[in-house]
Each structure stands twice: as C-alpha cells, then as structure tokens.
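# Observations on chain architecture
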Amino acid sequence: MSPTPQHPKQDGRPPRAPVGVMSTRTATRKRTTARVGIEEMARDSGLRYRGMVYDRVAAKHIRGPWTESLAEARAWRIDALAAVRAGRLTARRGPTISAAVDEWMAGARAGLIETRSGEPYKPATLRSYEQGFNKRVIPALGERHLREITRPELQQLVARWRKAGMSPSRIRNSINGVRALYRHAMTHTDLHTNPTIGLALPAVRGQRDHVVAPEQAARLIDALDHPESAIWALAVYAGLRLGEIRALRWTDIDLTENVLHITRGWDQNEGEIAPKSRAGTRDIPIYRPLRAQLTQQRLRSNPDAVLVFPADRNPLDPFSPNQAYKHARQTWATEGLEPLGLHEARHCAASFMIAAGLNLKAISTFMGHSTITVTLDRYGHLLPGSRDEAQALMDSYLERPDGIVTRGLS
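Please read all numbers here as calculations on a predicted model, not as lab measurements.

## Here we look at the overall build of the protein
Across its full length, the protein carries 15 helices and 8 strands. Looking at the 410 residues of the protein, the share that counts as buried comes to 38%. Summarising the internal contacts of the protein: among those between residues at least 6 apart in sequence, 59% fall at separations of at least 24.

## Some remarks on the environment of A247
The residue A247 is located in helix α9 (residues 242-247) in this model. Between the alpha carbons of A247 and G271 there is a distance of 8.8 Å; along the sequence they are 24 residues apart. Ignoring any residue separated from it by four or fewer positions in sequence, one finds A247 in contact with D252, R264, G265, W266 and L307.

## Let's talk about the packing of aromatic side chains
Across all of its chains, the model carries 7 aromatic pairs by this definition. Measuring from centroid to centroid gives 6.0 Å for W104 and Y129, while their planes differ by 45°, and the two rings are tilted. Placement of the pair is W104 in helix α3 (residues 97-109) and Y129 in helix α4 (residues 123-141), with a sequence separation of 25 residues. Overall, the relative accessible area of 2% leaves W104 in the buried class. An angle of 80° between the planes, with centres 6.0 Å apart, marks the rings of F309 and F319 as edge-to-face. With a gap of 10 residues between them, F309 in the loop between α10 (288-300) and α11 (321-335) and F319 in the loop between α10 and α11 connect regions that are remote in the sequence. Residue F309 is classed as buried on the basis of its relative accessible area, which comes to 1%.

## What about the environment of G239?
Turning to its location among the elements, G239 is positioned in the loop between α8 (228-238) and α9. For G239, a relative accessible area of 0% gives the class buried. When near neighbours in sequence (up to four residues on either side) are disregarded, G239 contacts L234, R282, R346, A349 and M367.

## Things to note about the sheet that holds strand β2 (residues 46-55)
Here 3 strands make up an open sheet; going across it, the order is β1-β2-β3 and the pairing antiparallel. Since the sheet does not close on itself, it has two edges, and those belong to β1 (38-43) and β3 (60-63), each with one partner. For this sheet the average axis-to-axis angle between neighbouring strands, irrespective of direction, equals 35°. Where β2 lies against β3, 4 bridges are found, and the strand directions are antiparallel. Opposite D55, over in β3, you have K60 as the bridge partner. Here helix α2 (residues 70-86) sits on the sheet in contact with β1, β2 and β3, set at roughly 10° to β2.

## A word on the environment of A200
Take A200: it is sitting in the loop between α6 (168-188) and α7 (214-222). Owing to a relative accessible area of 48%, A200 belongs among the partly exposed residues under this scheme. Here the alpha-carbon distance between A200 and A159, two residues 41 residues apart in the chain, equals 9.7 Å.

## Looking at the sheet that holds strand β5 (residues 259-262)
Strand order across the open sheet formed by 3 strands is β4-β5-β8, with antiparallel pairing between neighbours. The sheet is open, and its two edges are formed by β4 (253-254) and β8 (282-285), each paired on a single side. The pairing of β4 with β5 spans 2 bridges and is classified as antiparallel. Paired with I253 across the bridge in β5 is L260.

The rules behind each value
- Residues numbered from 1 in each chain as written.
- Predicted model: local features only at pLDDT ≥ 70, side-chain atom pairs only at ≥ 80, totals over all residues.
- Heavy atoms only, no water.
- Helix = DSSP H or I, 4+ residues; strand = E, 2+ residues; numbered from the N terminus.
- Buried < 20%, exposed > 50% of the residue type's maximum accessible area, 1.4 Å probe, protein only.
- Contact = heavy atoms within 4.5 Å.
- Phe/Tyr/Trp six-rings, centres within 6.5 Å; stacked < 30°, edge-to-face > 60°.
- Pairing = 2+ DSSP bridges.
- Axes fitted to C-alpha atoms, helices over the stretch in contact; angles between N-to-C directions.

Scope: geometric values only; no functional claims are made or implied.
Right under this line is the structure:
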C-alpha cells in the first residue's frame, strides 16, 4: 500500500516550517523594511530573530544572537551597522590566542613590545607570563580567536581556576599576561574590545610583611660574618632588591660622598640586566651602619674585584642567594634569632625611613618605586595617622574655644 499523502491544513494557513529551518514566509517578510537584514527561524515556542550585517572589507556576513524579539534583533543590526562603518566590528577573525601569544612573547623578548610605562619587560616577568600562558591560558583558550573572547568567558575561566583550588596570586599572574596581550592588540591592531577590562579577580590576602625594629635588625646583621652581614645591611638600610645587590660593583659605591649608585640588576637566567624601571636607576644615601659594613667588606675583598659580592668559583659571577640564605639561617638558629629574608629586609628599610620622618617622595625614590602611588599602596599602613593619633588630634581641635588648629600647620 502506498503511503498516504500529507496535505496542508485546510484552514487557509501555510504549513509550519520544521524546527530549526528558516520559515518559508521569511523570504517574503525580509523584503519589508522592518525585516531587512533580519533572519527568522521557527521553533516550537514560536519565531526567533537575529540581525545580520555585511562587512565589505572582509566580504563576509556578521550575524547577531537569536532572540524572540524582532525589536531586539533590529536594534542589534542598527548598532552593528554603525560599528562596522566605524571599524569597531569586523568579520575578520584574526589570530588564535595561541598564535597571538607566540607573536607577543617574541616581540616582548626582542624589546619591541614594552610595558605601559614604556619599559622593556623584565626576564622574570616574561617567564611568569609564559608559564601562565602555557599551563593555564592556552589549554583553555588556545584555539579560540583573539577577537572572539568575551569578558564573561574570561570571568567563567577565573571561576573554574578558583574552584580547582588555584591561589589568588597565581590567578592574577595568569590574567596579567592576558591583559598585556590584549593591551598590545588594542593599540597595534584593529581590535576594539578588551575583554580583560572589568574582570573581578580574587583578592590576594597575604600576611603583613615581617618587619623588625632597628635594634633587632642590628642584632641580626651583627651575628653574621662577611659577606652575609654586608648583604643584609644593604637590604635593611638601603632597601636594595636581591638582583641589585648581586649586580652591585665597587664602582657603584662612593664612600667619600656616602652614596650608592644603583644602575643595574641581575637576573638568574639572563645575567646582568637594566634596573626594574627608570626609577630603579637611583642614588641612595649610605647611612652609618651601612658604611661600616661596606668598609669592612672592601677591606676583605680582592683589590681587583669588580663585584662587591662575587661567587667563590668565578669572580665575574655574583654570590649564590641560596648559599647566603643557608649560612645566615644557620647562624641565626645558633644564636636563637628569628630569621629575616632579604625581601623582608627591604621592607624594613622602608619602615625605618617612614619612622625617621623622610618625606614620601624621598622614600619612593630611594626604594626605586615607579610612582609614589606604589609606595603608598605598599607601605601606606606604616605611615603616621593611626586611629589613636587621629582621635587625639580631633579631640584637641574640638576642645579649643576658637576652633583653630595650630598643630601641624605651617
């Protein structure tokens, strides 16, 4: 028996299009003004719409999201037309995340891509970015195109990392590389959307830096032998970074004028490098405790030595931080003293300057911070102006009959 033919309904209406197939009546309606550039699709729940524009440069159509509202589809099309004309929207897909990362890393290593402040990226920073790209970003997004990524998608990626137990600092380090990638693309390509702007990242809630009092710092330094005592003295009294101490030369030390000239740093893989930023090149006063340590180190050193703290095997290489830490910790353990890391010692230097009353600009300069804002963000909690002091000042002011503040005014 032959199958019974299917006839259209006898109610005067055309048969309904199959689900997922464009309606047969779309072609007629798309010719009307209201439906120019609008696609329709029939669903069981009703019709859905999406706008469409043509990118003449890319010779491709750009389609918007499906919506149940014809008005929303038309609004999207109007906005998209304006964006295409202005160059803010294109059908060109551009490079994948993986390809863009390779190009960016090559340019950053060659010094062709710089930081926001116009400085070359430091080798340690590039290693951190590369690790984040290779271990976390590329496995998740590598095959996606740079201009396809959205902020909600990145936010969901951050949430997955957090749920997987990744620390807030590691998440931020990974996103920092993505930010640098998009920042460069925004200024050097026709990309007009940066999905990293406005991301909500988990807060890094570390413990306060270990800062000791000046007398405790002096005991820690005095307990050490040279060269470790002079190494820690440079961090405690001058605030030098580890790389700056390793790269320090005798020609950088002026014991006549009592000035340290910081002009270079040291990277564990690259060797001698430029300072961390332009602000890293600076002059620092040599205070009395530091002068005594440097004088002793000079007397104990080879007269022909270039580096202040050379390695035992090769005088052209700097000392080993691991070995210096090991010797210092062994000594402090014997003396019953709590150990102090070199980076913690640098924080001590900042706290001593603040307690001594140095102005904030001087502290920022001596610490080698790029801006005074960095100093405030890092050490603002150490500045004068505690709750008790604020209470005393306000009480004193409010109790004066004339209401005039005289303390602290000039």
